[in-house]
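Coordinates in review
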Amino acid sequence: VNRVGFIASSLLVALALASSMLFVVDQRQFGVIYALGQIKEVITEPGLNFKLPPPFQNVSYIDKRLLTLDSTDAEPMLTAEKQRVVIDWYVRWRITNPSEYIRNVGLDERAGANQLNRVVRNAFQEEINKRTVKDLLSLKREALMADVKTEVLQVVRGAKPWGVDVVDVRITRVD
Amino acid sequence: MNLNPVLQTLTTLPGRLRQRARGMFNLNDPRWGRDDDKASSDESKPESGRDEGSSAKPPAPPPPPPPSRPQGQGPNQGPPDLDELWRDFNRKLGGLFGAVKKPGQRVRGSGGLGGGGNGGPGGFQPDMKSAGIGAGLIASVALLIWLGTGFFIVQEGQQAVITQFGKYKSTVGAGFNWRLPYPVQRHEMVVVTQIRSVDVGRDTVIKATGLRESAMLTEDENIVEIKFAVQYRLNDARAYLFESKDPAGAVVQAAETAVREVVGKMKMDSALAEERDQIGPRVRALMQNILDRYKVGVEVVGINLQQSGVRPPEQVQASFDDVLKAGQERERAKNEAQAYANDVIPRAVGSASRLKEESEAYKARMVAQSQGDAQRFRSVLSEYQKAPQVTRDRMYIDTMQQVYSNVTKVMVESRQGSNLLYLPLDKIMQQSAGSAAAGEPALLPGGVATPPALPSAPATSAADTRARDASRTRDRDTR
């Protein structure tokens, strides 16, 4: 009986240890291992992984799927002929380099979305100021979207890269 | 550190075990079916096969048969056969687990996962025998249950994506499937072949613009509202699950941006009427393009414009109807005018040509008449030059005769002897009236002193020509 109890308790301890040292990185995530608060390793491949137990190493996850950033506010912008238009846009982006992202942007996707929102809005404002309503509507819609995208990419890949990639910038509505 | 090699053996182990067990406890084994008692053996055979199959999992039961033997079989079968069967079974079992069981157990133990089989190897020691058996049984049952949680059923039309420690492993189709149980592998069901559909363009009003969500601008800066349904199907369950966050939302967004781009390149009239049927295909192509770029794993099957699919917004609906009505009105007025023109113009043309013909005819006639007159005068002139006196006299007499024959005065010779004068005045009057009716017009405008006592009502057009004739004769007379 004594021996059975010993086996059972040692088993429990082993389980607890294993659960704190092993972790699963999902297909949809990056795993970031912090060693005492410092980024030690970024796991890009999904699978079962090993780390030291909590006080020494922690792990956090960050989404690596394509994310959507939708325009939130509908502030009118001025076109080249001083006409006010309201545009809605969305951006598809993803985090490509978690360590840069965490260092320069923030811990989770929301922080990046916030920052990106500002950059994209600013870019749109600039580009729309150069164009007429007619251009916006039909003639240069794609060109506008492409220009905004390059502008955003410039910021994002600037001196302090964000570790994100902007896949697409699109306008949904122009009113 | 990666545990993949260990997992590899762990995943393949059950399959190997199963294969071995199948070969071992095959029902077609001639030694098992030795008994010819049909009624009982038919029933007992599958029974025994199944029971022994399941009891094969506990590690190495000891030789004495009765305690762990399935109940209810003894009475049906002859004792010698059973004994032999059981010994045979045990021998095979010993051979099997002596060779295979040990590495399998070690693997499981080092993985730190099942851990249930640890009592097994120790079970061979005589002092721990009974305790080992009990622990092994419990552990094996737990292991079986744990393994049993790995079964799952995939419905037709769905696919299951199996992930192993979060990593994509495989995609399986409909049917009964098995994966490694919970901590190792998981599955996610995705409806693949069925068509999904999503409505785009709701009625909610956006505050900033005061327009509905389905409203969009056309190339000529008019507003139309378009509502449609997108039908789509997954063509890549893996991409759908892992490549993009909120793939269904991505489809909606792609649809919205695509339809606005398409409509933004159309004039309002063409969007509402002639190019309306092209909206769907164009949106579909553009959407597919966008979604492929996002690798959502979605195939757009169709775009269905809804009943009131493309229409101007409600606020201007009335005016729009007015415009349509006015257009129809214009059409109608145009048609009416056209009909009237069709009616009048031929008639006018007809009368014009008639008048022309008439005047032509009059001209021809007048020319001919004048020529005739001229001819007559010339011939008269030549006669006159030959014998002026005679001709003058004759003309005078002719004229006088003409004049007198139309006069109502009656000449009576008074120098003749008869005193009785019969004057049938009324008859003479009648006679002269009759002749006057014929000859009267020539005298009407004429300068003859006798006033015509006769009522005359000549036709105007005829009178003109005759008047001219008369004036000519008068000229002639005066000459």
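Further up the page is the structure itself.
Residues numbered from 1 in each chain as written. Chains lettered and ligands numbered in written order. Predicted model: local features only at pLDDT ≥ 70, side-chain atom pairs only at ≥ 80, totals over all residues. Heavy atoms only, no water.

We now examine a nonpolar patch on the surface. Taken together, the side chains of L36, L52 and F56 of chain A define a hydrophobic patch exposed on the protein surface, amounting to about 330 Å² of accessible area. Residue placement: L36 of chain A occurs in the loop between β2 (29–35) and β3 (38–43). (Patch = residues over 30% accessible without salt bridge, like charges linked within 9 Å, V, L, I, M, F, W, Y side chains within 5 Å. Areas by Shrake-Rupley, 256 points an atom, 1.4 Å probe, with all protein chains shown as cover. Salt bridge = Lys/Arg side-chain N within 4 Å of Asp/Glu carboxyl O. Helix = DSSP H or I, 4+ residues; strand = E, 2+ residues; numbered from the N terminus.)

Another aspect to go through is the pairing of strand β2 (residues 158–164) of chain B. Looking down a regular strand, the side chains alternate between one sheet face and the other. All names here are of chain B. For β2, the tally of buried residues reaches five of seven residues, placing the bulk of the element in the interior. Summarising the sheet, β2 and strand β5 (residues 185–191) pair through seven bridges and their orientation is antiparallel. Counted as the bridge partner of Q158 is V191 from β5. Direction of pairing for β2 relative to strand β3 (residues 167–172): antiparallel, over a ladder of five bridges. What sits directly across from I162, in β3, is S170. Between the end of β2 and the start of β3, which pair antiparallel, lie two residues, with F165 showing a positive phi angle near 50°. (Buried < 20%, exposed > 50% of the residue type's maximum accessible area, 1.4 Å probe, protein only. Pairing = 2+ DSSP bridges.)

On to the interface of chain A and chain B, then. Counting residues at the interface gives 42 residues for chain A, matched by 41 residues for chain B. Surface buried jointly by chain A and chain B totals about 3,700 Å² across both partners, of which 49% is contributed by carbon and sulfur atoms. It is Q27, L48 and R173 of chain A in chain A that bury the most area against chain B; as a group they hold 17% of the surface buried on that side. On inspection of chain A and its partner chain B, the count reaches six salt bridges. Of the charged contacts, one joins R94 of chain A and E243 of chain B as a salt bridge, the two residues approaching to 3.7 Å between their closest N and O atoms. At the boundary of chain A with chain B, the tally comes to 14 residue pairs in polar contact (both at pLDDT 80 or more). Elements with a contribution of two residues or more to the side of chain A that touches chain B: α1 (2–21), β1 (22–25), β4 (47–50), β6 (67–70), β9 (87–95), α4 (133–139), α5 (141–156) and β10 (164–174) of chain A. At seven residues, the largest contribution of residues to the side of chain A that touches chain B is made by β10 of chain A. Counted by class, the side of chain A that touches chain B contains 19 nonpolar, seven polar and 16 charged residues. (Contact = heavy atoms within 4.5 Å. Buried area = accessible area lost by both parts, 1.4 Å probe. Polar contact = N/O pair within 3.5 Å; in protein donor to acceptor, adjacent residues only side chain to side chain. Nonpolar A, V, L, I, M, F, W, Y, C, P; charged D, E, K, R; others polar.)

Across its 21 residues, helix α3 (residues 109–129) of chain A extends 30 Å between first and last C-alpha, which sits within 8% of the 30 Å expected from 1.5 Å per residue. Where α3 of chain A is concerned, the buried positions are A111, G112, A113, L116, N117, V119, V120, A123, F124, E127 and I128 of chain A. (Expected span 1.5 Å × (residues − 1).)

Interpretation note: all reported values are geometric properties and have no functional meaning in isolation.
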